[in-house]
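This is what each chain is made of:
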Amino acid sequence: MAELLPQELRVLVAVAERGGFSAAAASLGLTQSAVSHSVRGSEAKLGAVLFERGRTGASPTPAGERAVGHARRILRLYEVMGAEARGAGRSAAPAALDGVLRIAAFRSAALHLLPPALERLTARHPGIRPEVRVVRELGAGAAGEVAAGRADLGIATLGVAQGLPPGLLSGVLVEEAYALVHPAGHPDPKALPLMDWDENCGSYTRSWWLAQDWIPRATVKAEDDAMVLTMVGRGLGMAIMPELSLREATGAVDITGLGPEGPVRRVGYVTTPESAATLAVRALIRELRAVSG
């Protein structure tokens, strides 16, 4: 099978991100026919249809999603290769790093796990420029951003039912217990309605939840964990939340542990094998471990 050239990879990414051949051509400074020809050539080389063509544009097929993800990751390696080579050329110190480091994380991890690690990282390597995207831990979540080539490293919930996308590496950073949070001073918090949010990790703690006869079905759904905390503080219900989410708790709520048999979630980093070999990602993982240990 013939290999795709870097320009062919850029075309695939542009078509996927722009939603069509014309828009991709405009972004790349090419003609639409050149983009169409490039895509057809890539499809012939790979032996798969990569895009569904329609009147409103083009969208990746499942094969196209995989191909575009690999294309982003390969193009990213070209960028990293240049940055690491330039850093080595400017300094005799082997750890001189610079360039953009792309990170995806869910909200509470971005608020509480990343900042101290990034502070240490950029103090050691002032040339690194972190770019953090906050993503919802629904569906593919932060791990999906890594698999799609949009992030070099993700902070994600590990051990969920759907598992990680194939081919990714991961490592646990923290294990955090869930706790009962309820309005401060409430005489009977278990009598309150249960509040929940879509990203809550009930899927892999479901057996524990089902075994607790005091936990009712969620009657109130909020947009995110911060909203749940606010509504609990207003006396509207109680919730079962992980420690990272509870770091934002105020005096309006009380927190009660669930004991040694309570659920625990694992939060960790996710990256690709090729990114794991880069100096910047390795340095970030070291700092994440240092502040999480």
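Bear in mind the structure is a predicted one, so any value in this text is a computation, not a measurement.

(A) Summary view of the overall build of the protein. When you go through the protein residue by residue, the secondary structure sums to 12 helices and 11 strands. Each of the three principal axes of the protein carries a C-alpha extent, and together these read 70 × 55 × 30 Å. Across the 293 residues in the protein, those meeting the buried criterion constitute 45%. Put simply, of all contacts in the protein between residues at least 6 apart along the chain, 73% involve residues at least 24 apart. In the form shown here, the protein has an accessible surface area of approximately 14,400 Å², with 54% of it arising from carbon and sulfur atoms. On the protein, the mean spot of the 31 positive side-chain charges and the mean spot of the 30 negative ones are 6 Å from each other.

(B) Broad picture of helix 3 (residues 32-46). Along its 15 residues, helix 3 runs 21 Å from first to last C-alpha, staying within 8% of the 21 Å computed at 1.5 Å per residue. In the core, the buried residues of helix 3 are packed alongside helix 1 (6-18), helix 2 (21-28) and strand 1 (51-54). Directly beyond the C-terminal end of helix 3, a positive phi value near 70° is found at Gly47.

(C) Seen up close, helix 1. The first and last C-alpha atoms of helix 1 sit 18 Å apart over 13 residues, in line with the 18 Å expected at 1.5 Å per residue. All buried positions along helix 1 are accounted for by Glu8, Leu9, Val11, Leu12, Val13, Ala14 and Val15. In the stretch just after helix 1, Gly19 is the one whose phi turns positive, near 80°.

(D) Structural detail: the nonpolar core. In this structure, Leu101, Leu153, Ile155, Leu284 and Leu288 are the most contacted members of the largest nonpolar core, which totals 26 residues. Residue assignment for this core shows that the elements contributing at least two residues are strand 3 (98-105), helix 5 (107-112), helix 6 (114-124), strand 5 (153-158), strand 6 (169-183), strand 11 (264-271) and helix 12 (279-292). Residue contributions to this core peak at 6 residues, all from helix 12. Ignoring anything within four residues of it in the chain, the contact list for Leu284 reads Leu101, Ile103, Ala117, Leu118, Leu121 and Leu153. Formed by 19 residues, the second largest nonpolar core is a distinct cluster that contains Val15, Phe21, Ala25 and Val68.

About the criteria used
Residues numbered from 1 in each chain as written. Predicted model: local features only at pLDDT ≥ 70, side-chain atom pairs only at ≥ 80, totals over all residues. Heavy atoms only, no water. Helix = DSSP H or I, 4+ residues; strand = E, 2+ residues; numbered from the N terminus. Buried < 20%, exposed > 50% of the residue type's maximum accessible area, 1.4 Å probe, protein only. Contact = heavy atoms within 4.5 Å. Areas by Shrake-Rupley, 256 points an atom, 1.4 Å probe, with all protein chains shown as cover. Lys, Arg positive; Asp, Glu negative; His and termini not counted. Charge placed at Lys NZ, Arg CZ, Asp CG, Glu CD. Expected span 1.5 Å × (residues − 1). Core = buried A, V, L, I, M, F, W, Y, C linked by side-chain atoms within 4.5 Å.

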